[in-house]
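The chain contents come next:
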Amino acid sequence: DTGVSQNPRHKITKRGQNVTFRCDPISEHNRLYWYRQTLGQGPEFLTYFQNEAQLEKSRLLSDRFSAERPKGSFSTLEIQRTEQGDSAMYLCASSSITSGRYGEQFFGPGTRLTVL
Amino acid sequence: DQQVKQNSPSLSVQEGRISILNCDYTNSMFDYFLWYKKYPAEGPTFLISISSIKDKNEDGRFTVFLNKSAKHLSLHIVPSQPGDSAVYFCAASANQAGTALIFGKGTTLSVSS
């Protein structure tokens with residue numbers, strides 16, 4: 001399977017703990033995006049990378065959220081000092097600006113976070 | 001303030017009939033629009049897109065219509081099939097490089113046989 005993969009698929013944590021999620025994009029894609037989806041809502045954009053450069057991070061929800069993409073391959077999203085309001089599905093997507101449908105983003109299955 | 005609105009949370013259609021899903025937007029800077037389909041426990045899957053320079057795009061059973069003056073787009077599925085039952089999201093981008101996608105809340109389509 002050459003789609004976008006995310007790990008873990010589910011994460012249950014206690015309030016105040018730190019969590020980290022991983023996303024592996026489609027191998028030839030140079031853009032990688034993180035979204036958050038809560039119940040009854042559409043995905044909400046958080047941040048994106050082009051190769052290893054984080055080009056937009058102003059929509060990260062607070063300074064407890066950070067993302068990295070070392071070497072322009074996989075990416076991690078970390079949430080520090082989790083709160084119950086952080087419970088959501090975290091989606092990763094990737095795209096290529098050199099091929100494929102212009103603007104189309106391919107999504108992974110998501111990581112569902114539950115904060116107790 | 002929701003920039004992309006899908007005002008119908010759900011739609012029920014019989015197999016073989018047409019499904020019409022609607023989407024309205026408020027930001028006149030949006031120039032690229034996409035429809036995604038989502039099954040439970042999966043990520044959204046791209047369906048079809050349209051650039052603001054067009055008013056119609058067709059792909060098999062799926063057609064998207066764009067009315068820029070009304071800031072409205074719609075997705076037509078003809079004929080509808082039970083496998084089309086899913087949540088459909090409308091999304092928009094302010095530049096065709098496809099950076100941040102702004103999504104609506106989704107419409108749940110149920111196609112009965």
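All values derive from a computational prediction rather than experimental measurement. (Residues numbered from 1 in each chain as written. Chains lettered and ligands numbered in written order. Predicted model: local features only at pLDDT ≥ 70, side-chain atom pairs only at ≥ 80, totals over all residues. Heavy atoms only, no water.)

1. Regarding unusual backbone geometry
1) Next: That bond from Asn7(A) to Pro8(A) is cis: its omega, -10°, falls within 30 degrees of zero.
2) Next: Checked against the element boundaries, Pro8(A) lands in the loop between strand S1 (5–7) and strand S2 (10–13).
3) Next: Across the junction of Val78(B) and Pro79(B), the peptide omega takes the value -10°, indicating a cis bond.
4) Next: On the secondary structure map, Pro79(B) appears in the loop between strand S8 (72–77) and strand S9 (86–93).
5) Next: One non-glycine residue, Ala41(B), lies in the positive phi region at around 65°.
6) Next: Looking at the secondary structure, you find Ala41(B) in the loop between strand S4 (32–38) and strand S5 (45–51). (Helix = DSSP H or I, 4+ residues; strand = E, 2+ residues; numbered from the N terminus.)

2. Overview of the sheet that holds strand S3 (residues 19–24) of chain A
What holds strands together in a sheet is hydrogen bonding between their backbones, with the strands either parallel or antiparallel.
Residue and element names in this part refer to chain A.
1) Next: Strands sit in the order S1-S3-S8-S7 across an open sheet of four strands; the sheet is antiparallel. Of all strands in the sheet, those with a lone pairing partner are S1 and strand S7 (65–68), marking the two edges. Along the sheet, successive strands turn relative to each other by an average axial angle of 15°, direction set aside.
2) Next: Where S1 and S3 come together, three bridges link them in antiparallel fashion. Bridging across to S3, Gln6 finds its partner in Cys23. (Pairing = 2+ DSSP bridges. Axes fitted to C-alpha atoms, helices over the stretch in contact; angles between N-to-C directions.)

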